[in-house]
Amino acid sequence: MPDPNEPGASGVPRAAEALPIAGEPDGGPSLFERLGGRGAVERIVARFYSLVEGDPILRPIFPADLTPGREKQTLFMEQWLGGEPRYSRLYGHPRLRLRHFPFVIDERAAGRWLRLFAQALREEGVEEALASELLARLGPLAHHMVNADGDVPREPLGERFLQ
Ligand code: HEM
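Residues numbered from 1 in each chain as written. Predicted model: local features only at pLDDT ≥ 70, side-chain atom pairs only at ≥ 80, totals over all residues.

1. A few points about the environment of arginine 108
At step 1: Within the element layout of this structure, arginine 108 appears in helix α7 (residues 107-123).
At step 2: The sequence separation of arginine 108 and isoleucine 57 amounts to 51 residues, and the corresponding C-alpha distance is 8.3 Å. (Helix = DSSP H or I, 4+ residues; strand = E, 2+ residues; numbered from the N terminus.)

Here's what the structure looks like:
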């Protein structure tokens, strides 16, 4: 029986990975569709990144140029919410925890990340119930990125590890 806290195929804990992302259990529309598709995801991520830009806790963790990360996050979100797997076509397997090793992320940063994402959803007019549903799925993922106390390699990983 695999450990539910260990990363599974998508790089998130098996327990979180087991959550139905691509579609609703009844075969209804995906979260991606319910949010409003590609345009809506782009607007939400852009809003989130502009909040990161002005945030005293998160800004120092991110690189000087926020553009490449924002583009990757947009592609990833579309895929993770049940849209096309555009992120993996370009960058391979998400391996999210591994890709965050170069950045020191503590619980406070994870909490702030979630708070700013919630704010971005609100500011982009996402309906309360839908926003809560999405945040409930993001919560475990954000906490899974916490690595501040871990003995993890901090050097830039290089693309060969990321495929
Ligand atoms: C918990 C707090 C988090 C912090 C402080 C954080 C920080 C970062 C930083 C600094 C980068 C690098 C950006 C760049 O290279 O330009 C990054 C990349 C990324 N983050 Fe996060 N992140 C967090 C949580 C998350 C969560 C919950 C998700 C998924 C929903 C996520 C998805 C991504 C993706 C897809 C990338 C791009 C990875 C790549 O292909 O290189 N992050 N994050």
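2. Side note on α7
At step 1: Look at α7: 24 Å from first C-alpha to last across 17 residues, which is about the 24 Å you get at 1.5 Å a residue.
At step 2: Listed in full, the buried residues belonging to α7 are Ala109, Trp113, Leu116, Phe117, Ala120 and Leu121. Buried residues of α7, viewed axially, fall in a sector of 145 degrees; they line one side. Among the exposed residues of α7, those oriented more than 90 degrees off its buried face are Glu107 and Arg108.
At step 3: Those residues of α7 that are buried lie in contact with α3 (37-53) and α8 (128-144).
At step 4: Just beyond α7, the residue with positive phi is glycine 125, at close to 80 degrees. (Expected span 1.5 Å × (residues − 1). Buried ≥ 20, exposed ≤ 12 C-beta atoms within 10 Å, placed from the backbone. Arc of directions from axis to C-beta. Contact = placed C-beta atoms within 7 Å.)

3. Considering the packing of α3 against α7
At step 1: Taken N-terminus to C-terminus, the directions of α3 and α7 make an angle of 130 degrees; their axes are 8 Å apart at the nearest point. Considered as vectors, α3 and α7 are oriented oblique to each other. With respect to the hand of their crossing, α3 and α7 are arranged in right-handed fashion. Contacts between α3 and α7 involve Ile44, Arg47, Phe48, Leu51 and Val52 from the first element and Leu116, Phe117, Gln119, Ala120, Leu121 and Glu123 from the second.
At step 2: Of the residues assigned to the contact of α3 with α7, the class counts are eight nonpolar, one polar and two charged. (Axes fitted to C-alpha atoms, helices over the stretch in contact; angles between N-to-C directions. Parallel < 35°, antiparallel > 145°, perpendicular 65-115°, else oblique. Left-handed = near helix turned anticlockwise from the far one by under 90°. Nonpolar A, V, L, I, M, F, W, Y, C, P; charged D, E, K, R; others polar.)

4. With respect to the site of the ligand
At step 1: The local shell around the ligand holds 22 residues, among which Gly69, Lys72, Phe76, Ala110 and Trp113 are the closest.
At step 2: Of all elements in the fold, only α4 (67-80), α6 (96-99), α7 and α8 reach the threshold of two or more residues within the shell around the ligand.
At step 3: A total of five residues in the shell around the ligand trace back to one element, the largest contributor, which is α4.
At step 4: Considered class by class, the residues forming the shell around the ligand number 17 nonpolar, three polar and two charged. (Near = placed C-beta within 6 Å.)

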